[in-house]
Amino acid sequence: MALSTCDFCGRQAEEETTLTWSTSVERGRRQRYCDTCSREHLRAMEGKLDTEHW
């Protein structure tokens, strides 16, 4: 089973358990964020701020 890694906190989970994770594209690179980081930084994500501004 493949693992996914949160690009913000480094948490790892199996692909099948990442349905609540969010994704973004920054500087042409796809990034994935776990459900915890997604909730904590929701407003920054909605405002389309790069992660360096979180």
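Structure: see above.
Values in this document were obtained by computation on a predicted structure and should not be read as measured data. (Residues numbered from 1 in each chain as written. Predicted model: local features only at pLDDT ≥ 70, side-chain atom pairs only at ≥ 80, totals over all residues. Heavy atoms only, no water.)

Draft legend 1. Spotlight on unusual backbone geometry. In this model, R27 sits at a positive phi of 55 degrees, which is unusual for a non-glycine residue. Structurally, R27 is set in the loop between β3 (22-26) and β4 (29-33). Of the residues examined, R27 reaches a relative accessible area of 68% and is grouped as exposed. (Helix = DSSP H or I, 4+ residues; strand = E, 2+ residues; numbered from the N terminus. Buried < 20%, exposed > 50% of the residue type's maximum accessible area, 1.4 Å probe, protein only.)

Draft legend 2. Main features of the pairing of β3. The pairing of β3 with β4 spans five bridges and is classified as antiparallel. Each residue of the ladder has a partner; that of S22, found in β4, is Y33. Following β3, the chain reverses through two residues before pairing antiparallel with β4; R27 in that reversal takes a positive phi of roughly 55 degrees. (Pairing = 2+ DSSP bridges.)

Draft legend 3. Structural context of the nonpolar core. Ranked by size, the top nonpolar core spans six residues in total: C6, A13, W21, Y33, C34 and C37. When neighbours within four sequence positions are excluded, C6 is seen to be in contact with R11, W21, R32, Y33, C34 and C37. (Core = buried A, V, L, I, M, F, W, Y, C linked by side-chain atoms within 4.5 Å. Contact = heavy atoms within 4.5 Å.)

Draft legend 4. The pattern of salt bridges, seen in detail. If you walk through the whole model with that rule in mind, you get four salt bridges. Between R29 and D7 there is a salt bridge; the shortest N-O distance is 3.6 Å. Of the two residues, R29 is situated in strand β4 and D7 in the loop between β1 (3-5) and β2 (12-14); the sequence distance between them amounts to 22 residues. Where D35 meets R11, a salt bridge forms, and the shortest distance between an N and an O atom there is 2.7 Å. Taken as a pair, D35 in helix α1 (residues 35-40) and R11 in the loop between β1 and β2 lie far apart in primary sequence, 24 residues in all. On the basis of relative accessible area, R11 is assigned to the partly exposed category, the value being 34%. Three or more residues are tied together by salt bridges with common partners; here these are R11, D35 and R39. (Salt bridge = Lys/Arg side-chain N within 4 Å of Asp/Glu carboxyl O.)

Draft legend 5. Molecular detail of the environment of F8. Within the secondary structure, F8 is located in the loop between β1 and β2. Among the residues examined, F8 registers a relative accessible area of 38% and is labelled partly exposed. Spatially, the C-alpha atom of F8 lies 8.1 Å from that of R32, the residues being 24 residues apart in sequence.

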